[in-house]
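# Results of the structural survey
What follows is each chain in one-letter form.
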Amino acid sequence: MTDDVRIAAKRAKLVSEKERWARENRQFGKPEAPTGRLPRGQHLVRDWPVLDLGTHPNVPAKDWTLRVEGLVDVPTSFDYRELSLIPRSERTVDIHCVTSWSRLGDTFAGVATRDLIAEVRPREEARFVLIKSYDGYTTNLPVAYLHEPDSLIATHWNGAPLTREHGGPVRLVVPALYFWKSAKWIRSIRFVEHDIKGFWESRGYHMLGDPWKEQRYA
Ligand SMILES: Nc1nc2c(c(=O)[nH]1)N[C@H]1C(S)=C(S)[C@@H](COP(=O)(O)O)O[C@H]1N2
Ligand SMILES: [Mo]
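Quick notes on the rules
Residues numbered from 1 in each chain as written. Chains lettered and ligands numbered in written order. Predicted model: local features only at pLDDT ≥ 70, side-chain atom pairs only at ≥ 80, totals over all residues. Heavy atoms only, no water. Buried < 20%, exposed > 50% of the residue type's maximum accessible area, 1.4 Å probe, protein only. Helix = DSSP H or I, 4+ residues; strand = E, 2+ residues; numbered from the N terminus. Arc of directions from axis to C-beta. UniProt positions renumbered as here; feature names shortened; annotations may be inferred. Polar contact = N/O pair within 3.5 Å; in protein donor to acceptor, adjacent residues only side chain to side chain. Contact = heavy atoms within 4.5 Å.

An unreviewed UniProt entry annotates the protein as Oxidoreductase molybdopterin binding domain-containing protein originating from Thalassobaculum litoreum DSM 18839.

## Some words on helix H3 (residues 113–120)
Taken as a whole, H3 has its buried residues at Thr113, Leu116, Ile117 and Val120. The buried side chains of H3 occupy one side of the element, clustering within an arc of 90 degrees when seen end-on. Residue Arg121 follows H3 closely and has a positive phi angle near 50 degrees.

## Quick look at the UniProt feature "domain: Oxidoreductase molybdopterin-binding" (unreviewed entry) in the protein
Taken from the UniProt record, the annotation "domain: Oxidoreductase molybdopterin-binding" (unreviewed entry) applies to residues 56–200. Taken end to end, residues 56–200 comprises 9% helix and 41% strand; its first and last C-alpha atoms sit 18 Å apart.

## A closer look at the side chain of Ser133
Relative to the assigned elements, Ser133 resides in strand E6 (residues 128–133). Using a relative accessible area of 5% as the deciding quantity, one classes Ser133 as buried. There is a polar contact of 2.8 Å between the side chain of Ser133 and the backbone oxygen of Lys184.

## Quick look at unusual backbone geometry
With glycine set apart, most residues show a phi of negative sign, and most peptide bonds adopt trans. Here Gly168 and Pro169 are connected by a cis peptide whose omega angle stands at 15 degrees. One can find Pro169 in the loop between strand E9 (160–161) and strand E10 (171–173). Positive phi is not limited to glycine here, since Ser100 has a value of about 100 degrees. In this structure, Trp185 takes a positive phi of about 45 degrees despite not being glycine. Mapped onto the elements, Trp185 comes out in the loop between E10 and strand E11 (186–192). The exposure class of Trp185 is buried, given its relative accessible area of 1%.

## Considerations on the environment of Phe78
Relative to the helices and strands, Phe78 resides in strand E3 (residues 76–79). Assessed through its relative accessible area of 4%, Phe78 is described here as buried. Each C-alpha atom of the pair Phe78 and Gln27 lies 40 Å from the other, and the pair is 51 residues apart in sequence. If we skip the residues at most four places from it in the chain, Phe78 touches Trp64, Thr65, Leu66, Val68, Leu83, Ile86, Leu116, Glu119 and Val120.

As structure tokens, then:
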């Protein structure tokens, strides 16, 4: 088998399994350690799992750009240097993956999404965003979550640059939603009036995905 065929087969298997979870409304039972910071059905992991569709695009920082477009007054492309001109933010947050693992207290650094979008001035009628990534992945969320102070366009994790497998050079981190909303290798943010389903949202996963309401599936 060529690499492409192997990756496609692996992706098809992963996607169909996660689609089945959504169809069957798969639940994850009691949390192992109900610390008050762990939503129902989640358990803690020590290592940080790598989850994606099997391809890790190689986007060196010098070639990376983020296009912010749609219903905004100032559509803008940011390259890595332009991103670094926006004041930096650092946040220590908990992350929750819909496949039931959680991590508590990771520190991400980069630019707060609210500071980034201040530069493009979203219009009143823009209520949702559709995010696209360099691997073709998409996901959607309400604009309100980009105003959350913990939401970042992240370049660093626990003091080190994000590795390629975890979405480096630049990924989205929206800790208030299940981690599938936190697009790795982020490429564009499009402001829209009506919510548009992304990759997992088209495959049975919830449009919002609030872990505290256990919004796993549609
Ligand atoms: N570009 C891209 N971003 C993505 C994904 C993906 O397949 N492609 N998978 C999502 C899912 S389902 C999860 S759980 C997290 C995993 O991030 P991690 O590999 O850094 O743990 O990335 C999210 N962001
Ligand atoms: Mo996920």
